[in-house]
Amino acid sequence: MPSESFGGALDVVGLRSDFPALQQEHHPGVPLVYLDNAATTQKPNVVIEAMSDYYRRYNANVHRGIHKLSEEATAAYENARVVLKRFINAASKREIIFTRGTTEGINLVAQTWGRTSLNAGDVVLLTEMEHHSNIVPWQMLAAERRLRLRYTPLRTDGALDMDAFRRLLQEEPVKLVGFMFVSNVLGTVNPAQEMIRLAHEAGAVVVVDAAQAVPHQSIDVQALDCDFLVFSGHKMLGPTGSGVLYGKRALLEAMPPWMGGGDMISRVGFERSEWNELPYKFEAGTPSIAEAIGLGAAVEYLNRVTMAAIHHYEQEIIAYALERLSEVPGLHLVTPEHTPHGAVATFTLQGIHAHDVAQVLDAHGIAIRAGHHCAMPLHERLGLNATARASFYFYNTLEEVDRLVAGIYAAKQTFSV
Amino acid sequence: MDDMYRELILDHAKNPRNHGVLEPCDVEYEAHNPLCGDRLHLTLRVDPTGRITAIGWEGDGCAISQASASMLGEEILGKTVDEIRTMSKDTLLEMLGIPLSPNRLKCALLSLEVLKIGLYGREAWRETEDE
Ligand SMILES: Cc1ncc(COP(=O)(O)O)c(C=O)c1O
């Protein structure tokens, strides 16, 4: 049970003890500093145990067996759905589709809603900061159905150019607007509510990539009024292979299924079949049962810590990180200093390639990511071929920021810059 | 780590040999390492006997990829296209002489990839890669 006091400071030291992977030494005598949370987070004991309890004790398939284990497994799987529904305040648990993650969620929308609603010449409006997972599925569909892709540009300060967004919505009829809530590279928090309102006024349907938002702040899909919202379990303490596609019920009802197979049908004949009701229509085959249960346990853990406290603490740590990093000579912050700010600090170091920075930091026990972070178009736009990114979660400490900065000085020394 | 950034590697990364693009040239090829964004553009001049008489390369990337291109260029200058054909991944890795994790191998081998595809085509590189 995490020890916390609501709305106040987090007991980070106490919380860290819930995470076995955070207890290790990276090299003998050098404790691990894990700053690659935008890629994936570490897992608390409760998640690992919830999954292992399923496998050890009540492993069974869901929605089929008339036996005790299957009933228990089904109840745990469906309970996870309810936990997720409450977490993002969906109107119904039928609007929660379990997926393998953000990528699968966006592909599902493209392949079902997209294939039935988008036709030659239709415009899909994305942004220049999107992750590949919110670009490539639309490019694939565009090639097949001759759609036109448009991108809302960035301003020089790393925020979306909202004037351009309004203009693009008016210039030609836009059928779909897709954007990321929080950038995994820039840390920019987009004005989601306003963008959704503007898109709806223009008659577009909206998909929100919330992979970097849901783990860090409380999300209310009804208040946002988004049509679809996707996220990954593994970026919020849950297991890999877990994720959620939220969709408004009326839209989901009207969409054809994506994959065909067991569980997604109500009746199968040799010629045709009838689709099962929501959400099962979109969950063909045996789902990732342990993963959904693990994600449910992760969300219950987050609920106990409270998203308000997490968000508050992360704003503190990212502000400190940006301040310390900006003091390092030769360090260029790619991340603009906005508030609120996603918990990522992306930078380049003069005279040292991002990979070499990451390699030296690794030798000091610090895990960061280097490269283009699955956002090659954004890097092209910024004129950079690779950047280094430190990304934080609520279990990181201010001392870890200090160790990151010390590691960067060590890299500068190795390369004599 | 200190082994990885040994003096020789840093020296080649900072003072790359044969840096630049040859115009005109007989062989030209460019490749990227999509994982990291490393990029390498290679140009060669080859005389009628098949001997490499000049090398020019430029690119962006980490110290390992840049040093590897610089060292490989020095190695092949003056050799014939036939002599290079049999050059293996291990030859290049021995030249670099540093321990590399699987992810960094791609950085180190980009130069060999560009060279092999440029000279002999993609199939030859597949064979080298699969060794
Ligand atoms: C903003 C954003 N969108 C999408 C993804 C893709 O998520 P996944 O790989 O879990 O499908 C990521 C993470 O890699 C991300 O940061």
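Fair warning: this is a prediction, and the values are worked out from it, not measured in the lab.

Q: Sorry if this is basic, but what is going on with the overall build of chain B here?
A: When helices and strands are counted, chain B shows 6 helices and 3 strands. Along the chain direction, N to C, the helices and strands of chain B fall in the order α-β-β-β-α-α-α-α-α. Relative to the 2.2 N^0.38 estimate, which gives 14 Å for 131 residues, the radius of gyration of chain B is 14 Å and therefore close to what a compact globule would have. With respect to the principal axes defined by its C-alpha atoms, chain B has extents near 45 × 30 × 25 Å. Counting over 131 residues, chain B shows a buried share of 36%. Put simply, 61% of the contacts in chain B that link residues at least 6 apart link residues at least 24 apart.

Q: How do you make sense of the sheet that holds strand S13 (residues 331-333) of chain A when you look at a structure like this?
A: Within a sheet, neighbouring strands are paired by backbone hydrogen bonds and run either parallel or antiparallel to one another. Residue and element names in this part refer to chain A. Strand order in the open sheet formed by 4 strands is S13-S14-S17-S16, with antiparallel pairing between adjacent strands. The open sheet has two free edges, formed respectively by S13 and strand S16 (369-371), since each of these has just one partner strand. Across the sheet, the mean angle from the axis of one strand to that of its neighbour is 30 degrees, orientation sign disregarded. Two elements, S13 and strand S14 (residues 344-349), share 3 bridges in a ladder whose sense is antiparallel. Paired with leucine 331 across the bridge in S14 is leucine 349. Contacts between helix H12 (residues 354-363) and the sheet are confined to S14, S16 and strand S17 (387-391), with S16 contributing the most and set at about 160 degrees to the helix.

Q: Is there a simple way to think about the nonpolar core in this case?
A: A general trend in soluble globular proteins is that nonpolar side chains are found buried together. Residues and elements named next belong to chain A. With 160 residues, the main nonpolar core has Val208, Ala210, Ile293 and Val357 as its most contacted residues. With 11 residues, helix H10 (residues 289-305) is the largest single contributor of residues to this core. Ignoring sequence-local partners within four residues, the contact set of valine 208 consists of Phe179, Phe181, Ala192, Cys226, Phe228 and Leu229.

Q: Explain the site of the ligand here, please?
A: As a matter of local geometry, the ligand sits amid 13 residues, with Gly101(A), Thr103(A), Asn184(A), Ala211(A) and Ser232(A) nearest to it. Looking at the shell around the ligand, its residues break down into 4 nonpolar, 8 polar and 1 charged.

Q: For this particular structure, what's the right way to read the domain arrangement of chain A?
A: Note: interface size is frequently given as the accessible area lost on complex formation between the parts. Residues and elements named next belong to chain A. When its domains are assigned, chain A resolves into domain 1 (12-40 + 307-414) and domain 2 (49-303). Measuring from the centre of the C-alpha atoms in domain 1 to the corresponding centre in domain 2 gives 28 Å. The partner domain 2 presents 25 residues to the 24 residues of domain 1 that form the contact. Secondary-structure elements contributing two or more residues to the side of domain 1 that touches domain 2 are helix H11 (307-326), S14 and helix H13 (376-382). Taken together, the residues of the side of domain 1 that touches domain 2 break down into 13 nonpolar, 8 polar and 3 charged.

Q: Can you walk me through the interface of chain A and chain B in this structure?
A: Tallying the contact residues gives 13 residues for chain A and 13 residues for chain B. If you tally residues by element for the side of chain A that touches chain B, the top one is H12(A), at 5 residues. For the side of chain A that touches chain B, the class distribution of residues is 4 nonpolar, 8 polar and 1 charged.

Q: Honestly, the environment of Leu10(A) in this entry has me stumped. Any pointers?
A: Inspection of the secondary structure assignment puts Leu10(A) in the segment before helix H1 (12-16). We classify Leu10(A) as buried; it has 21 C-beta atoms within 10 Å.

Q: Explain the pairing of strand S8 (residues 205-209) of chain A to me, please; I cannot follow it from the model alone.
A: Put simply, side chains in a regular strand alternate between the two faces of the sheet. Residues and elements named next belong to chain A. Across the 5 residues of S8, 5 count as buried, placing the element largely inside the fold. Taking every second residue as pointing to the same face, both faces of S8 are buried, with Val205, Val207 and Asp209 on one and Val206 and Val208 on the other. Relative to S8, strand S7 (residues 174-180) runs parallel, the two being bridged by 5 bridges. What sits directly across from glycine 178, in S8, is valine 207. Where S8 lies against strand S9 (residues 228-232), 3 bridges are found, and the strand directions are parallel. Paired with valine 207 across the strands is phenylalanine 228, a residue of S9.

Q: Help me understand the sheet that holds strand S2 (residues 38-46) of chain B, please; the structure alone is not making it clear to me.
A: Residues and elements named next belong to chain B. Read across the open sheet, the 3 strands follow the order S1-S2-S3; overall the sheet is antiparallel. Since the sheet does not close on itself, it has two edges, and those belong to strand S1 (27-33) and strand S3 (52-60), each with one partner. Going from strand to strand, the sheet's axes swing by 15 degrees on average, the running direction of each strand aside. Each of S2 and S3 is contacted by helix H2 (residues 63-76), which is oriented at about 175 degrees to S3, the strand it contacts most. In this fold helix H5 (residues 102-120) packs onto S1 and S2, with an angle of close to 150 degrees to the strand it touches most, S1.

Q: Whenever I open this one, helix H7 (residues 192-201) of chain A confuses me. Can you help?
A: Every α-helix winds through 3.6 residues per turn, so residues three or four apart in the chain are directed the same way. Residues and elements named next belong to chain A. What H7 keeps buried is the set Ala192, Met195, Ile196 and Ala199. Projected down its long axis, H7 shows its buried positions confined to an angular sector of 100 degrees, all on one face. For H7, the exposed residues set more than 90 degrees away from the buried face come down to Glu194 and Glu201. In this structure, the buried side of H7 is in contact with helix H6 (162-171), S7, S8 and helix H8 (221-224). Phi turns positive, to about 85 degrees, at glycine 203, one or two residues after H7.

Reading guide: rules and limits
- Residues numbered from 1 in each chain as written.
- Chains lettered and ligands numbered in written order.
- Predicted model: local features only at pLDDT ≥ 70, side-chain atom pairs only at ≥ 80, totals over all residues.
- Helix = DSSP H or I, 4+ residues; strand = E, 2+ residues; numbered from the N terminus.
- Rg over C-alpha atoms; globule rule 2.2 N^0.38 Å.
- Buried ≥ 20, exposed ≤ 12 C-beta atoms within 10 Å, placed from the backbone.
- Contact = placed C-beta atoms within 7 Å.
- Pairing = 2+ DSSP bridges.
- Axes fitted to C-alpha atoms, helices over the stretch in contact; angles between N-to-C directions.
- Core = buried A, V, L, I, M, F, W, Y, C linked by C-beta atoms within 7 Å.
- Near = placed C-beta within 6 Å.
- Nonpolar A, V, L, I, M, F, W, Y, C, P; charged D, E, K, R; others polar.
- Domains from an automatic or database assignment.
- Arc of directions from axis to C-beta.

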